[in-house]
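Structure at a glance
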Amino acid sequence: MSSSQLVRKKGFALVATIMLIAFGTIVLLATGLQLSRTSEVLNSQRTISKTQSVANNAVEVASFYFLYDPTASSISKSTWSGLSEFKSMLDSRSGVDSLYWSEFVGDLTASTLCYDLMSYVNSHASDEGLGSGDFSLGAYVYPLGDRFVTIAYAEKQGVRRYSLGIMETIGIAEGGLPALRTVSLKRALQVMRNPKGNKIVGDLIYGNALVAGPLSLDITHSATPGEIVAGGVSADQLSISPLSTDLETYLAGFPGWYTAVNEDPYTLYENWYSEYLDSFPTEQTFTYVLDSDDYSNVVAEVSHVGEDTVVIIKSNQSSPQFYGTFSSSGLRIELGDKEFTVPSAIVQENTIHILIEDGGFTILHEKENNPHMISEVNGKYDIRVRNGDITIGTNLVYSDLKSKVNNGGNAPVANQTKATSITTIQDILKTPNNDYLRLAADGGDLILKYDRESTTGDRVLTGDFYAFANESYSVGGNVDFLDLDTISNVVSGGQYSQMFLLGSLTSRSFDENGSTLFNQENNKNKPPDIVDLLRSLVLVATGGSGGTGDPSQGSGNRLALLGIQSW
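1. A closer look at the overall build of the chain
What the chain contains, in helices and strands, is nine helices and 33 strands. Here the chain holds 567 residues, and 50% of them are scored as buried. Residue pairs in contact within the chain that sit at least 24 positions apart in sequence constitute 76% of those at least 6 positions apart. For the chain, the accessible surface area stands at approximately 25700 Å², while carbon and sulfur atoms represent 49% of it.

Here it is in structure tokens:
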């Protein structure tokens, strides 16, 4: 090869190398530019998402203050100069939703007076949920017909996002019995959510809750404690987690929601028991020893019914087990082949009071003990079981509310309350109801029994339910759950179990022994996960007076924050 050819080859290799380096540099620059742009987009999206979250929280804080602090209504009304900008934002948005909201606030103008809660919201601006002081905040409440709307904004580095909350009058029990009264509640209540389709997780107490001992709430930064207990909480101790600030500062954002209990827990508990005993009649009695030769089948008459009359059901056995069934035709209490029957016709206007002495009482469905079926409570019944457990293996539902619990299918099963929402609850509370049930285990436990043939693990109860311990506190007083871990569909996670109670629950303790907890081994290399098979607990107060047989329905109205929309 000549020297000139070698030089040409070396020159070509050098040019090719320079071209490859240049091409690689261009690719790297383009890739870097694209990564930079992607990073900027992601950062922008995170900023927008965070700003929307802060705006949502500003709506909740402002709305809660407006709803519960008596000083809020004394704030002088003024106009908000930013309303026009908010409405212009809505008009510029495409989509049916934005058109709806634009029409919804269409009657608001620059001269419409509102409650300016900007200073109040900013007084909590250092809270993590409101951006830790990094955002400009504003919140304004406008009357709009029979509703109120809260409009709030959050802004950071020129990015502003809005949220709107609707407050409307709802029926919630005021007076009467709280939704929950207990000394010991080991369950940490969680915000209700729907992580997997219709598999609802979380708890809701729609009414007041009185916990004479400690109460724990698991909450999120985007939620308020009122989403767990809608009425208000009285407790000996309260813990909420996670929190970015101290509890006192956090609760200051929700005035009136929490009241500390200063009385001895068991003094309160004994007061509840005394109130119950005072409400149960003892003056005029009818006594039936069901397994004696004197009776075969006893049918209650009008004379057995009345506020001063009690029917005593006994046995010659030392620890008898009575069985009961509710149906549209009334109540039947059985002991072997003997029974006491209450026709529903005689308890439509007045309540029958029944005392079952020194024995257990198990309530099942009248047909094949089907755990999914609804057992209709038609009429007014007040049943006290002394020195024995009450075991419930069915769904006890007032006849007048049956259609609200069943989803309209052919089988009368209790499957509608699973879709729990304020709308669902309001629909139930507004439904006229003439039935009543009070069921008390006096010296025993209240046990919810499940069946391995069940597929859902749901239990629906309507009425006022009690569980009182004996005098030495050695037996009874607990709300217990039996055989929930035998339902394969619940253990596997195919269905999530829920307890829905419309009325009130009073007890010494709730699931004291952790009967709903299950060791679920997901991986041989890891310890078992402790799963609470009772995924959802819903208690809805009805304002019942406790033992009078009055219809159970919402007895009071107040404003509540029903929903939030953000942009």
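On we go.
2. Remarks on the packing of aromatic side chains
Inspection of every chain in the model, using the stated rule, returns 20 aromatic pairs. Taking the centre distance of 3.8 Å and the plane angle of 15° together, the rings of Tyr 65 and Tyr 120 count as stacked. You can see Tyr 65 sitting in helix H1 (residues 3-68) and its partner Tyr 120 sitting in helix H4 (residues 118-122), a full 55 residues away along the chain. Taking the relative accessible area as the measure of exposure, Tyr 65 reaches 8% and is therefore buried. Assessed through its relative accessible area of 14%, Tyr 120 is described here as buried. Between Tyr 276 and Tyr 466 the ring centres are 5.0 Å apart and the planes differ by 40°, which places this aromatic pair in the tilted class.

3. Quick notes on helix H2 (residues 83-92)
Taken together, the buried positions of H2 are occupied by Leu 83, Phe 86, Lys 87, Met 89 and Leu 90. When H2 is viewed along its axis, its buried side chains cluster within an angular range of 150° and face the same direction. When the buried face of H2 is taken as reference, the exposed residues oriented beyond 90 degrees from it are Asp 91 and Ser 92.

4. Notes on the confidence of the model for the chain
Of the residues in the chain, 79% reach a pLDDT of 70 or more, and the chain-wide mean stands at 82. Segment residues 35-44 is flagged for pLDDT under 50; beyond a separation of four residues in sequence, or across chains, it makes zero contacts in the model. Low pLDDT (under 50) marks residues 545-557, which in the prediction has 43 contacts with non-local residues, meaning those over four places away or in another chain.

5. A short note on the pairing of strand E4 (residues 147-156)
As judged from the nine bridges shared by strand E3 (residues 136-144) and E4, these two strands associate in the antiparallel manner. Counted as the bridge partner of Pro 143 is Phe 148 from E4. In textbook terms, the turn of a hairpin is the stretch between consecutive antiparallel strands, and for E3 and E4 this stretch comprises two residues, one of which, Gly 145, has a positive phi near 65°.

6. Topic: the pattern of salt bridges
Applying the stated criterion across every chain, the model contains twelve salt bridges. For Glu 357, the salt bridge is made with Arg 386, and the minimal N-O distance between the two is 2.3 Å. Residue Glu 357 is found in strand E19 (residues 352-357), and its partner Arg 386 is found in strand E22 (residues 380-386); the two are separated by 29 residues along the sequence. Accessibility expressed as a relative area gives 12% for Glu 357, which makes it buried. For Arg 386, a relative accessible area of 26% corresponds to the partly exposed category.

7. Digging into the pairing of strand E18 (residues 338-343)
Residues of E18 alternate between two faces, with Lys 338, Phe 340 and Val 342 buried on one and Glu 339, Thr 341 and Pro 343 left unburied on the opposite face. In this structure, strand E14 (residues 297-299) lies alongside E18, joined through three bridges in parallel fashion. The partner of Asn 297 across the bridge, within E18, is Glu 339. Where strand E17 (residues 330-335) and E18 come together, six bridges link them in antiparallel fashion. What sits directly across from Arg 332, in E18, is Thr 341. Between E17 and E18, which pair antiparallel in sequence order, lie two residues; one of them, Gly 336, sits at a positive phi of approximately 65°.

8. Some details on unusual backbone geometry
The amide bond that connects Ser 241 to the next residue, Pro 242, takes the cis arrangement and shows omega of -5°. Among the secondary structure elements, Pro 242 is positioned in the loop between strand E11 (232-241) and helix H5 (247-251). Even without glycine at this site, Tyr 473 takes up a positive phi of about 60°. Relative to the assigned elements, Tyr 473 resides in the loop between strand E27 (459-468) and strand E28 (478-482).

9. A look at the environment of Thr 391
You can see Thr 391 is positioned in strand E23 (residues 390-392). Taking relative accessible area as the criterion, Thr 391 reaches 12% and is therefore assigned buried. Counting along the chain gives 58 residues from Thr 391 to Lys 449, while the straight-line C-alpha distance between them is 6.4 Å. Setting aside residues up to four positions removed in sequence, Thr 391 forms contacts with Phe 361, Thr 362, Ile 363, Ile 447 and Lys 449.

10. Notes on the nonpolar core
In summary, soluble globular proteins display a tendency toward joint burial of nonpolar side chains. The biggest cluster of nonpolar side chains holds 93 residues, and the ones touching the most others in it are Phe 340, Val 342, Ile 354, Leu 396, Phe 465 and Met 499. Looking at which element gives the most residues to this core, the answer is strand E29 (residues 497-510), with six residues. Ignoring any residue separated from it by four or fewer positions in sequence, one finds Phe 340 in contact with Tyr 288, Leu 290, Val 298, Ala 300, Val 311, Ile 313, Leu 331, Arg 332, Ile 333 and Ile 354. If you look at the next biggest cluster of nonpolar residues, it comprises 22 residues, including Val 54, Ala 55, Tyr 115 and Val 121.

11. Section: the side chain of Ser 102
Tracing the backbone shows Ser 102 in helix H3 (residues 96-104). A distance of 2.6 Å separates polar atoms of two side chains, one belonging to Ser 102 and the other to Asp 91. Not counting chain neighbours up to four residues away, the residues in contact with Ser 102 comprise Leu 90 and Asp 91.

Reading guide: rules and limits
Every chain is numbered on its own, with residues counted from 1 as its sequence reads. Local features are withheld for residues below a pLDDT of 70 in this predicted model, meaning they are given only at 70 or higher, and side-chain atom pairs are given and counted only at 80 or more; totals for whole chains, interfaces and linings count all residues. Derived side-chain values reflect all non-hydrogen atoms in the structure, with water molecules and hydrogen atoms excluded from consideration. Working definition: helices are DSSP H or I runs of at least four residues, strands are E runs of at least two. Numbering for both runs from the N terminus. Relative accessibility decides the category of a residue: with a 1.4 Å probe and only protein chains considered, values under 20% of the type maximum give buried, values over 50% give exposed, and everything between is partly exposed. Residue contacts are defined here by distance: any two heavy atoms, one from each residue, within 4.5 Å place the two residues in contact. Each accessible area is a Shrake-Rupley estimate made with a 1.4 Å probe; only the visible protein chains count as cover when residues are assessed. Only Phe, Tyr and Trp rings take part, Trp by its six-membered ring, and two of them pair if their centres are within 6.5 Å. Stacked means planes under 30 degrees apart, edge-to-face means over 60, and tilted covers everything else. Here the arc refers to the directions that run from the helix axis out to each C-beta atom. Per-residue confidence from the predictor is given as pLDDT, running between 0 and 100. In this analysis, strands are considered paired if DSSP registers two or more bridges between them. For this document, the term salt bridge refers to a Lys or Arg side-chain nitrogen within 4 Å of an Asp or Glu carboxyl oxygen. Residues grouped as a nonpolar core are buried Ala, Val, Leu, Ile, Met, Phe, Trp, Tyr and Cys residues, joined through side-chain atoms within 4.5 Å. Think of a polar contact as two N or O atoms within 3.5 Å of one another; within protein, one of them needs to be a possible hydrogen donor and the other a possible acceptor, and neighboring residues in sequence only count if both atoms come from side chains.

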